[in-house]
Amino acid sequence: MPACVPTRATTPARPPGGRPPHEPPAEGGPHRRRFRIRGADLSASITVFLLAVPMSLGLAVAIDAPLEASLIAAGIGGIVAGLLGGSPLLVSGPSAGLTVVSAELIQTYGWRTSCAITVCAGLVQIALGSLKTARSALAVSPAIVHGTLAGIGAAIALAQLHIVLGGSPQSSAVANALALPGQFAQVGPAEPLIGALTLAVLLLWPRIPGRVGKVLRRIPAALVCVVVATGVAAFAAPGIARVDLPSWDAHVLPELPHGPLLGLITAVLTVTLVASLESLLSAVAVDRLGAERPGSTVPRADLDRELRGQGIANAVSGVLGGMPISGGAVRGSANVRAGATGRASTVMHGVWVLLAAGLLVSVLEWIPLAALAALVMMVGIQMVNFAHIRNVHKHREFLVYVASVGGVLVLGVLQGVVLGIAVAVAVALHRLSRTRITAQQEADGTYWVRARGQLTFLAVPRLTRTLGHVPQGAETIVELDGSFMDHAAFEALHGWQTAHQARGGAVRITTRAGGRIAEPAGAAHTCCRPWTPWRNHHCHDQPPQRTHGHQLASGLSSFQRNTAPLVRDELARLAREGQRPQQLFITCADSRLVTSMITSSGPGDLFTVRNIGNLVPPPGEEGGDESVAAAIEYAVDILQVQSITVCGHSGCGAMTALLNGKPGAPMTPLRRWLRHGGPSLERMASRSHAWARIAGRLPADAVEQLCLTNVVQQLEHLRRHESVARALAAGTLALHGMYFHVGEAQAYLLSANDHEEVFEGVGVNLLEDTPA
C-alpha cells in the first residue's frame, strides 16, 4: 500500500457506549464552553452599558425614531446577538452605519413599516449566514467599504450639526449642506454652547494625564460628556430641548409593510447590506483586538454564525418595535479594553440597558438633545478615517473611495455601494488594458522588449505587433513588469519564442529586477522537468521515457544546469558551517506534500522526518520504531531546534487504513507501524475530548476528523519524550500542529486552548484596516 494514498472511506463502527467517531458532539453538549460570569465580565458589562445608553439615545434622535426603540435594540442586540453570534466580544446594538438608511425609511414608510423592514432584513441575514456567505462579504474592495462608511459618517455629522445649532435636520445630506448657511443665520445660544461643551469633554477626557487620569479614563468619555452637559444645562439652560421618553403604553409594534414592492425590496436589501458589512468588519476588528491581549483564550470569530446571530437579533428587535441592529466596533473595542473574557459581558450589558429603560426613565429625560446630537456628530466624523484614506490612496483606489462617498451622500447608501462597485470594475479594466509594450535595440545588437502592466488578451495585439518587429535570429530580452499574464498572452509570447528560437534567435524572459523567469514548456532545449509535473503540465504531452534511469538522469541534468548555479554559494556556506535548522518538521511521506513549497523554506531551514501517517511513537512502547525517537533526540539535544511541527494532510491513506482496519487481519510491517495511530482513533471516539474543528467548521468526513485528531494526539506523544519534556520545561522549545488541505492548497495551524482544538487558516488578510 503506498504512503497516504486516499481511498474510499467507510463509516466506522460505533464504539461501545460512545458516539460514532464521525458524529459531532451535540450543540450545547458537554464539550461546549459553558456560559460563565467572571468579575472582569461584570465590570466590562457596566462600562459598555454606560457607553451604550447615550449612544443609543443619540442615534434614535438622529433618525427621529422613538427613543424607547433604541433601548430595545441595545438590549436585544446585547442579549440575543451576544448569545447566538459568532464573535464573543463583539457588542451589538443601534448602528451609526444604519442611521442614514433608517432615517430615509422612516420618512418614506413610517416607523411601523420600518420595523417590518428590519424583520425582513433579519430573515435575509439568517439565510445568508446559513448559506455561509460571510467571508464572501469581506471580499468587497476595502475602498468601497471605507468609502460607504465615510459617506454615512459625513451624512450623520451634517444632520446632527443642525440639532447642535438649535434647528432640525433635512431629509438628505445635500439638503442639510445647502441649509447650513440659513441655520447659522438663526442660531440660538443655548444648544451650540451645550454641544460645544459636550464635544470638549468628549475630546479632552481621554487625554487627562497622570495617575488620576488613568483611573478616570476607565469611565467612558461618552457617558461623562453627557452627564456634564446635562448638569450644566439643568442650571444654565433649563428651557433647552431634552429627551422625551413616552410611556411604554404608547409603544408601537410593526405592521405589514405597504408601499411599492420594488422600493420595499430595495429597502430590505439596503438594511441587510449595511448591517451585515458593518457587523462583519467590526467582528474582524474586535477579533484582532482580542487576539492581541496577552494570554487570550477567546476563540476566533465564526463569521457565518455571527451573521445568523445578527439576523435573529434584527428579527426580534423589529418584532418588538426596535431599531435595526449591527455589531459596533466602538462598543466592541470598549468591551475588549475593559477586560471582557467572553459572552457574559455582552449579554449582561443588554440586561442593564433593559433595566435602565424601565427604571431610569426620569433620569434619562434630563439629557439635552443637543448633547446627544454632538455625541453622534463626533461618531460620524470619526467614521471618516484618515488612516483609511491614506491606505486607499497608497493602493491607487482613491477614485473608488471618492465615488463611494459621493454616491452615498448624493444618491443613497445602496446606490453609493453600486456606484463604488461600478467604478472599481472600471478601474480594474483600465489597469488591465493599460499595458505599455516597447522594443529597443541596444548598442550590442540585443533587442530589449519591455512590457509594463498586466498582460491580458486586451494587450495581445500590441504584444504580437511589437514582437513582430524583432529581426530573425536576434538575441532578445523580454522584460515583464506585471503580476499577471492570462492564457492568451502566454500562448502569444510562447508561440513567438518557439518560432524565434527555431530561426536561430535567443530569447531570455526576465522580471523588471532582472531575475530570470522559468521558460515555458515546449522550449527548444530539454523543456520537460520530469520531477515537477505540477509546474510543467506539458511534460504529460511528451512521449514516455524508456527507462526510469533516463528520467532520473534528465532531472539531475536539469538541476545542474538551472538550479545548482543559484544555490551553489548557499550550499557551500552550509557545508562549511554545518546545519543549524530552527525547526524539526514531522510530516507524512505522501508525495503531494512538498515541505519546502508549503513552508517557503530552503536548504538548512528544516530538519525533516517523514513517515507514513506522520506518527510519533510514544517512548518505550513495545515494538516502537527508534528512528523517529532518535531524530527527535538529535534535533532537540544536538541541533537545539526551537520548535517542532507535526503536519498532517487531507486524504491521508494511513488514516483511511486505520478507519477501515479489520480485526484479525495478518500483521504486516505496514499494520505494525499503523498501530501507533491507534490512540488517535481512540481519542476521536472518546467522549472526554472535544472534536477538533477546522476554520470554524466541523470536518467534512471521518477521514478528515481523524487526520486532525491525529495531529493533536501525536503532539501528546511528543511531550512524553524526555528531551522534548526537558526543553519545554526550560522554555526553549515550542510545539506546533499543522494541517495541509491538498485540494485547496491551504495550510491550517492548530490554535488550542483548554476547551477545544481549532485549526485556523493561514493567508493574506483581505482587509488591511477595519472601522474604528
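Calculation rules
Residues numbered from 1 in each chain as written. Predicted model: local features only at pLDDT ≥ 70, side-chain atom pairs only at ≥ 80, totals over all residues. Heavy atoms only, no water. pLDDT = per-residue confidence, 0-100. Contact = heavy atoms within 4.5 Å. Axes fitted to C-alpha atoms, helices over the stretch in contact; angles between N-to-C directions. Helix = DSSP H or I, 4+ residues; strand = E, 2+ residues; numbered from the N terminus. Left-handed = near helix turned anticlockwise from the far one by under 90°. Nonpolar A, V, L, I, M, F, W, Y, C, P; charged D, E, K, R; others polar. Patch = residues over 30% accessible without salt bridge, like charges linked within 9 Å, V, L, I, M, F, W, Y side chains within 5 Å. Areas by Shrake-Rupley, 256 points an atom, 1.4 Å probe, with all protein chains shown as cover. Salt bridge = Lys/Arg side-chain N within 4 Å of Asp/Glu carboxyl O. Buried < 20%, exposed > 50% of the residue type's maximum accessible area, 1.4 Å probe, protein only. Core = buried A, V, L, I, M, F, W, Y, C linked by side-chain atoms within 4.5 Å. Expected span 1.5 Å × (residues − 1). Polar contact = N/O pair within 3.5 Å; in protein donor to acceptor, adjacent residues only side chain to side chain. Pairing = 2+ DSSP bridges. Parallel < 35°, antiparallel > 145°, perpendicular 65-115°, else oblique.

1. Here we look at the confidence of the model for the protein chain
- Of all residues in the protein chain, 85% have pLDDT values of 70 or greater, and the mean over the chain is 80.
- Per-residue pLDDT stays below 50 along residues 519-548; that stretch engages in 38 contacts with residues further than four places along the chain or on separate chains.
- Residue range residues 764-772 is modelled with pLDDT below 50. Its contacts to residues more than four positions away, or to other chains, number 30 contacts.

2. Considering the packing of helix α8 (residues 190-204) against helix α10 (residues 221-236)
- Taken N-terminus to C-terminus, the directions of α8 and α10 make an angle of 145 degrees; their axes are 8 Å apart at the nearest point. Every pair of crossing elements has a handedness; the one defined by α8 and α10 is right-handed. Taken together, the residues of α10 that come into contact with α8 (itself represented by I194, L197, T198, V201 and L202) are A221, A222, V224, C225, V228, A229, V232 and A233.
- Counted by class, the contact of α8 with α10 contains twelve nonpolar, one polar and no charged residues.

3. Here's the deal with the environment of R217
- Along the chain, the position of R217 falls in the loop between α9 (210-216) and α10.
- Separated by eleven residues in the primary sequence, R217 and P206 place their C-alpha atoms 5.7 Å from one another.
- Setting aside residues no more than four positions away along its own chain, R217 makes contact with W205, P206 and I208.

4. Digging into a nonpolar patch on the surface
- Taken together, V174, L178, V410, L411 and L419 make up a surface patch of nonpolar side chains, about 470 Å² in accessible area.
- Within the secondary structure, V410 is located in helix α18 (residues 398-410).
- We classify V410 as exposed; its relative accessible area is 57%.

5. Details of the side chain of H500
- Here H500 lies in helix α21 (residues 487-502).
- Residue class for H500 comes out buried when judged on its relative accessible area of 5%.
- The residues contacting H500, other than those within four sequence positions of it, are V470, P471, Q472, G473, A474, T476, G505, A506 and V507.

6. Considering the nonpolar core
- Among the nonpolar cores identified, the biggest contains 76 residues, and L57, I117 and M323 are the most heavily contacted of them.
- Ranked by residue count, the leading element in this core is helix α1 (residues 39-63), at ten residues.
- In this view, I117 contacts L105, Y109, L264, A267, V268 and V271; residues no more than four positions away in its chain are not counted.
- Within the second largest apolar cluster, 42 residues are counted, among which are V641, A654, A702 and L735.

7. Re the pattern of salt bridges
- The final tally for this structure, using the stated rule, is eight salt bridges.
- Between R573 and E570 there is a salt bridge whose closest N-O contact spans 2.6 Å. With R573 and E570 both in helix α22 (residues 548-577), this residue pair falls three residues apart, about one helical turn.
- E570 sits in the partly exposed class, given a relative accessible area of 32%.
- Between E716 and R719 there is a salt bridge whose closest N-O contact spans 3.4 Å. Separated by three residues within a single helix, E716 and R719 lie in helix α28 (residues 702-720), roughly one turn from each other.
- Residue R719 is classed as partly exposed on the basis of its relative accessible area of 38%.
- Look at the salt bridges and you will find they share partners, linking E570, R573, E577 and R580 into a network.

8. A closer look at α28
- Counted at 1.5 Å a residue, the expected span for α28 with its 19 residues is 27 Å, and the 27 Å between its end C-alpha atoms agrees.
- Of all 19 residues in α28, 16 are buried, a share of seventy percent or more.
- The backbone nitrogen of V703 lies 3.3 Å from a side-chain oxygen of the residue at the head of α28, namely D701.

9. Considerations on the environment of A374
- Mapped onto the secondary structure, A374 falls in helix α16 (residues 369-382).
- On the basis of relative accessible area, A374 is assigned to the buried category, the value being 0%.
- Taking the C-alpha atoms as reference points, A374 and L165, separated by 209 residues in sequence, lie 9.8 Å from one another.
- If we skip the residues at most four places from it in the chain, A374 touches V164, G195, T198 and L199.

10. Concerning the sheet that holds strand β6 (residues 506-511)
- Reading across the sheet, the four strands line up as β3-β4-β5-β6 and stay open at both edges, with mixed pairing between neighbours. Each end of this open sheet is capped by a strand with a single partner; those strands are β3 (436-441) and β6. Adjacent strand axes in the sheet meet at a mean angle of 15 degrees when their direction is disregarded.
- Sheet topology places strand β4 (residues 447-452) next to strand β5 (residues 475-481); six bridges connect them, and they run parallel. Residue pairing across strands places A451 opposite L480, the latter belonging to β5.
- Packed onto the sheet, helix α20 (residues 460-468) meets β3 and β4 and runs at close to 5 degrees relative to β3.
- Together, β5 and β6 form the strand contacts of α21, whose direction differs from that of β6 by roughly 145 degrees.

11. Topic: the packing of α20 against α21
- Running from N to C, α20 and α21 cross one another at 10 degrees; their axes reach a closest spacing of 10 Å. In terms of axis orientation, α20 runs roughly parallel to α21. Counted together, V460, L463, T464 and L467 of α20 and A488, A489, A492, L493 and W496 of α21 form the full contact between these two elements.
- The residue inventory of the contact of α20 with α21, partitioned by class, reads eight nonpolar, one polar and no charged.

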